[in-house]
Amino acid sequence: MVPTGAYGSWPSPIGADVAVAHDGYPDYVAMVGDDLWWTEERPAEGGRSVLVRRRPDGEAQMVLPQPWNVRSRVMEYGGAPWHGAARAGRGPLVVFVHFADQRLYAYEPDTAGAPRPLTPLSPVGQGLRWVDPRIDLERGEVRCVVEEFTGDAPTDVRRLIVAVPLDGSAAEHRASVRELSDGRHRFVTGPALSPDGRRAAWIAWDHPRMPWDGTELVLADVADDGSLHAARTVAGGVEESVAQAEWDAEGRLLFTSDRDGWWNLYRGDPETGRTTALCPREEEFAGPLWQVGRRWFQPLDSGLIAVVHGKGATTLGILDPRSGELVDTAGPWTQWGATLAAHGSRVIGVAASPRSGAELVELDTATGRARAIGCGHTDRVDPAYYPEPLIRTFTGPDGRDVHAHVYPPHNPDHTAPAGELPPYVVWVHGGPTSNVRLVLDMETAYFTSRGIGVVKVDYGGSTGYGRAYRNRLRGQWGIVDVEDCAAVARALADEGTADPRRIAIRGGSAGGWTTAASLATTDVYACGAISYPVLDLTSWLGVTHDFESQYLESLVGPYAELPGRYRERSPGGQADRVTAPFLLLQGLDDAICPPVQCEEFLEKMAGRGIPHAYLTFEGEGHGFRRADTMIRALEAEFSLYAQVFAIDRTDIPLLELTK
């Protein structure tokens, strides 16, 4: 007989250490010769990102030991941090960005030598940063994007496409780096070179647009010395977002664009400028370009194209551009990452499912067989404790659809007393131009296996559902997101799924903003957990980084015209309306949402008698990467819920709430 216990009190084998132990998350996958390479996050090693090499025999090994950390800080969110090239008889050459100093390094893993710098040393966090490298062995250089700070303010910066000599001559002097683009755009991606080397294509955009609002696909001619000439825009615009551009084996330009309301795949003729939609569907074949170098499609030598696509959840498909036929990969995977590699008939990507974490999956297009080949999922606990998602669509204000994933409490060893309704936590994703992923998340399981339900909301403004859904948040941040989350919470309470008196809300970054705004403007939630948030829009404009410095122009409206709106929407300006207990979590090295946001908010809350806690973490930036930080944060969050929901737990550290 299954024991009966109150929701939230159930014992669980999924401790906080298990919930955050996701070493091996693969990303930035590419082939170098016959070898597969990728990066992996290592929370147990201080959050560093390592480079891994898998040989044809299946043997995988970490290439760079500590303290090497393969990660770029361009635009703070980074992007593709490495590239490799195969050299006949000499082994591979790898170029990568080291996080600690942001220098570009060259490394020959089959020799005894150490990585050697290719770019000059500059002050940490300032000076020069690099991203999206692409090696050109013939010219002896690597083309990439440089981010160069020209003053003291975060917005004193320019970005260019450049060529860095592979001989190391630029390691001491910036002057040895050749500038290839003209600097007329604020933001650029690395250039994709046509098979004959005569043309280069890249994506560019300018303030106040974000890359999901509008970008330009730029095409240029390549001279014999590698310089770029006659750059011209061939697609995109103010209301058209081009998210990726590549060349097929026959020298035709492929790109994704949302010109018809969805990010679909197009083929362009560089000579005539004509474009053809290859598989028009009300689905997304790309996503928001938060990081430079993301790839949702990969042309194959056969003429076929591997594509990550879907509506909400995603799958890997093989598209025949001649017929428009699209065949999806069979298997359990419900979410594919924006990183693909190809080698002959093989396509390799990163995929996950509600029963498995991210793993490297290989599809053989010749046989149709797909299998996990690296970072294979390992069950650290019995899968019987994993939550089962329910994909729901709720009705929000004005009858609009609101998509969400509902994870009811689940533990095979325990059940709740008859008539008791479970507490729930509304999870708000960041961005806000992002979405929730239909994958196994052990932090979710940490709560559901203890008897607390979770609902993850793709509020208006989320990606994965077309441009119109994404545009719902234009000018409405702090309203539509708050309303949609509240509508889902109320619906769960009204239908008898959740206890209306025990609903919490949590989120980080932009999700932290929505969490705080929800506590200030609704009476739905009993408490909230807020991580590295935006809390005051006006002050945030002066301290955040360049990439998002004008993001609010679209999310809220032009500040010069609507300063009152910025004050009225900010949780910091409505601190007197917050009456529910809350937890604030903040990294002290956060350049995107600096600690001052939390500090000023707490000053306004002082003396009001609202129970709260503020935890800060040295060495953490925007989003926690270290295992000890993540464990402390997760246990503190659960302690908050236990105290507010009157759950008797003595097996977690007590979070001290002050008033």
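1. Side note on the overall build of the chain
When helices and strands are tallied, the chain shows ten helices and 37 strands. Expected size for 659 residues packed as a compact globule is a radius of gyration near 26 Å; at 25 Å, the chain falls within 12% of this value. Total accessible area computed for the chain in this model is approximately 24100 Å², and 48% of it derives from carbon and sulfur atoms. Considering the chain, the positive charge centre built from 63 side chains and the negative charge centre built from 89 side chains are found 1 Å apart.

2. Overview of the nonpolar core
Counting residues in hydrophobic clusters, the biggest one holds 91 residues, and the most contacted among them are Trp202, Val426, Val455, Trp477, Tyr525 and Phe582. Per-element tally for this core: the top contributor is helix H4 (residues 480–494), with seven residues. Apart from residues no more than four positions distant in its own chain, Tyr525 is found in contact with Val426, Cys485, Ala486, Ala489, Ile503, Ala504, Ile505, Ser518, Leu519 and Ala580. One finds Tyr407, Ala526, Met630 and Ala642 within the second-largest nonpolar core, a separate group that totals 42 residues.

3. As for H4
A rise of 1.5 Å per residue sets the reference length of H4, with its 15 residues, at 21 Å; its end C-alpha atoms lie 20 Å apart and thus fit the reference within 8%. The buried count for H4 comes to eleven of 15 residues, which makes it a mostly enclosed element. Among the structural elements, strand S30 (390–395), strand S31 (401–407), strand S32 (424–428), strand S33 (453–458), strand S34 (503–508) and helix H5 (510–521) are those in contact with the buried residues of H4.

4. Regarding the sheet that holds strand S7 (residues 104–107)
The four strands lie next to each other as S5-S6-S7-S8, forming an open sheet whose pairing is antiparallel. Two strands close off the open sheet at either side, each with one partner strand: strand S5 (82–85) and strand S8 (116–117). Pairing between S5 and strand S6 (residues 93–97): four bridges, direction antiparallel. Bridge pairing in S6 places Trp82 opposite Phe96.

5. Digging into the packing of H4 against H5
Where H4 meets H5, the closest approach of the two axes is 9 Å, and the angle between their N-to-C directions is 75°. With respect to their mutual orientation, H4 and H5 come out roughly perpendicular. Residue-level inspection shows Asp481, Val482 and Cys485 of H4 in contact with H5, the latter providing Trp513, Thr514, Ala517, Ser518 and Thr521. Here the contact of H4 with H5 is built from residues that sort into four nonpolar, three polar and one charged.

6. Let's talk about the sheet that holds strand S3 (residues 48–54)
If you trace the four strands from one edge of the open sheet to the other, you get S1-S2-S3-S4, paired in antiparallel fashion. The two strands at the open ends of the sheet, each matched to only one other strand, are strand S1 (25–32) and strand S4 (60–62). The average undirected angle you get between the axes of adjacent strands in this sheet is 25°. Where S1 lies against strand S2 (residues 35–42), six bridges are found, and the strand directions are antiparallel. Note that in S2 the partner of Asp27 across the bridge is Thr39.

What counts as what
- Residues numbered from 1 in each chain as written.
- Predicted model: local features only at pLDDT ≥ 70, side-chain atom pairs only at ≥ 80, totals over all residues.
- Heavy atoms only, no water.
- Helix = DSSP H or I, 4+ residues; strand = E, 2+ residues; numbered from the N terminus.
- Rg over C-alpha atoms; globule rule 2.2 N^0.38 Å.
- Areas by Shrake-Rupley, 256 points an atom, 1.4 Å probe, with all protein chains shown as cover.
- Lys, Arg positive; Asp, Glu negative; His and termini not counted.
- Charge placed at Lys NZ, Arg CZ, Asp CG, Glu CD.
- Core = buried A, V, L, I, M, F, W, Y, C linked by side-chain atoms within 4.5 Å.
- Buried < 20%, exposed > 50% of the residue type's maximum accessible area, 1.4 Å probe, protein only.
- Contact = heavy atoms within 4.5 Å.
- Expected span 1.5 Å × (residues − 1).
- Pairing = 2+ DSSP bridges.
- Axes fitted to C-alpha atoms, helices over the stretch in contact; angles between N-to-C directions.
- Parallel < 35°, antiparallel > 145°, perpendicular 65-115°, else oblique.
- Nonpolar A, V, L, I, M, F, W, Y, C, P; charged D, E, K, R; others polar.

Keep in mind these numbers describe shape, not what the thing actually does.
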